[in-house]
Amino acid sequence: MSHQENTDAPEFARRFVNLADERLGAEAIFATDDFFADKQRMLQTADAVFYPDRYDDHGKWMDGWESRRKRVEGHDYCVVRLATSGRIYGVDIDTSHFTGNFPPAASLEGCYCPSGDPTGDTKWHEIVAPMGLGASAHHYADVTSEAIYTHVRLHIYPDGGVARLRVYGRPNRDWTEMAAKGEQVDLAAMINGGVVVGWSDAHYGNPNAILAPGRGVNMGDGWETRRRREPGNEWLIVELGHPGEIEKIIVDTCHFKGNYPDRVSIQGAFVDGEKDKSLRARSMFWSTILPESKMQADHIHEFDTSALTVNGPVTHLRVNSIPDGGISRLRILGKPTK
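The name given to the protein chain in an unreviewed UniProt entry is Probable allantoicase, with Thalassospira tepidiphila MCCC 1A03514 as the source organism. What UniProt states about the protein chain under its Pathway (unreviewed entry) heading is, verbatim, "Nitrogen metabolism; (S)-allantoin degradation; (S)-ureidoglycolate from allantoate (aminidohydrolase route): step 1/1."

Okay, structure coming up:
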């Protein structure tokens, strides 16, 4: 399935991790009502889809969370346990495919409950004020609070359906403690704050999928480019969750059999200060960490220190897919810097 980059998305949607992604462990733990469509669907990774002829025992099947038509005072809401605690920078309340049944407005609250789920005594803080919603559209909102949150509560006024809720933020990781322990971690993992910040092409797959947990479930669960018909190669840029020294790289071409890259190389740099759009141009000249290495179909390729050239900590990587093709997962194992 083709994944098209949303060019209208704000910077936070391209820069940070979706803490409400069920693939990372986020869970919708309560809703006042989800008669028409289960609340957990709202947290699915893939973009919402629409099936014109699909119905179930409750009526029209919709890909998202949908409550019944409210006939009393009040409004509906849903509580989501985020995949991990984190600082939230922005949200996307997506009403895709909800046309005559979207909520006219919505707001979002957050709370910090590190030892469990919220109770009646939990103090919630408004992080997105009530905002108007439209039919079948993305609704982005910046979050200025610097607090750490573990849960969010989405209010819809008074009822209706939301296809996807995406909560973009940076996972709250104690890097100081991990660095002190000298533990090897996946510096690029989504759950650790790794994110893909740029790419040359992503015709068939979402580039950020390569940082997701587990192995790819199918060929659509990874980064795959179109067939390149001109000189050069495809590439993407990864911003690590924390600066670190790389000790091992894993490139997994799971499910890619007739369309894996012929070779892969990886470059890296320690980027200090503002990470602006010049990253793309500058990345061409970063130091080589993994020289061009042959790939195999549907295979886990592991490269340890004997195959790598690492000179100190890095913050960003450029992954070159030569000349094109698909990569399912990328693991960057190393020790975070102190």
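Following the structure, the description resumes.
Engineer: Help me understand the UniProt feature "domain: Allantoicase" (unreviewed entry) in the protein chain, please; the structure alone is not making it clear to me.
Structural biologist: Using the residue numbers shown here, the UniProt feature "domain: Allantoicase" (unreviewed entry) corresponds to residues 25-171 and 193-336. Along residues 25-171 one finds 0% helix and 48% strand; the C-alpha atoms at either end are 13 Å apart.

Engineer: What's the story with the nonpolar core in this structure? I'm lost.
Structural biologist: The nonpolar side chains of a soluble globular protein tend to be buried with one another. Core analysis: the biggest nonpolar cluster contains 34 residues, and Val238, Ile249, Leu317 and Leu330 have the highest contact counts within it. Among the elements of the structure, helix H2 (175-181), strand S14 (195-199), strand S16 (234-252), strand S17 (263-269), strand S18 (287-294), strand S20 (314-322) and strand S22 (329-336) are those that each provide at least two residues to this core. Of the residues forming this core, the biggest block, six residues, is contributed by S16. In contact with Ile249, other than residues within four places in its own chain, are Ile266, Ile289, His301, Glu302, Phe303, Leu308, Leu330, Arg331 and Ile332.

Engineer: Before we go on, may I ask you to explain the packing of aromatic side chains in this structure?
Structural biologist: Ring pairs (aromatic) are described by centroid distance and by the angle formed between their planes. A complete count under the given rule lists six aromatic pairs for this structure. When the ring of Phe12 is compared with that of Tyr140, the centres are 6.2 Å apart and the planes differ by 65°; the resulting orientation is edge-to-face. Here Phe12 is found in helix H1 (residues 11-15), whereas its partner Tyr140 is found in strand S9 (residues 138-142), with 128 residues between them in sequence. Exposure remark for Phe12: the relative accessible area of 6% places this residue in the buried category. For Tyr140, a relative accessible area of 24% translates into the label partly exposed. Where Phe12 meets Tyr168, the ring centres are 5.9 Å apart and the plane angle is 45°; that geometry is what we call tilted. On the criterion of sequence distance, the pair formed by Phe12 in helix H1 and Tyr168 in strand S12 (residues 164-171) is long-range, its members being 156 residues apart. Put simply, the rings of Phe12, Tyr140 and Tyr168 touch in pairs and so form one group of aromatic residues. The ring centre of Trp61 lies 4.7 Å from the NZ or CZ of Arg54, which sits over that ring.

Engineer: What should I look at first to understand the environment of Tyr55 in this one?
Structural biologist: Mapping Tyr55 onto the fold places it in strand S3 (residues 55-56). What makes Tyr55 exposed here is its relative accessible area of 57%. Distance in space between the C-alpha atoms of Tyr55 and Pro231 is 49 Å, their sequence separation being 176 residues. Once you skip the residues sitting within four places of it in the chain, Tyr55 turns out to touch Lys60 and Trp61.

Engineer: Sorry, what's going on with the pattern of salt bridges here?
Structural biologist: It is possible for side chains of opposite charge to pair when their charged atoms get near one another. All told, the structure shown has 28 salt bridges when counted by the stated rule. A salt bridge links Lys70 to Asp76; the nearest nitrogen and oxygen atoms lie 3.3 Å apart. Residue Lys70 is classed as partly exposed on the basis of its relative accessible area of 25%. Its salt-bridge partner being Glu177, residue Lys181 comes within 3.0 Å of it at the nearest N-O pair. One end of the pair is Lys181 and the other is Glu177, both in helix H2 and four residues apart, which spans about a single turn. Classification of Glu177 as partly exposed rests on a relative accessible area of 39%. Here the residues in one salt-bridge network are Glu11, Arg14, Arg15, Arg170 and Glu239, joined through shared partners.

How each quantity is defined
Residues numbered from 1 in each chain as written. Predicted model: local features only at pLDDT ≥ 70, side-chain atom pairs only at ≥ 80, totals over all residues. Heavy atoms only, no water. UniProt positions renumbered as here; feature names shortened; annotations may be inferred. Helix = DSSP H or I, 4+ residues; strand = E, 2+ residues; numbered from the N terminus. Core = buried A, V, L, I, M, F, W, Y, C linked by side-chain atoms within 4.5 Å. Buried < 20%, exposed > 50% of the residue type's maximum accessible area, 1.4 Å probe, protein only. Contact = heavy atoms within 4.5 Å. Phe/Tyr/Trp six-rings, centres within 6.5 Å; stacked < 30°, edge-to-face > 60°. Lys NZ or Arg CZ within 6 Å of the ring centre and 35° of its normal. Salt bridge = Lys/Arg side-chain N within 4 Å of Asp/Glu carboxyl O.

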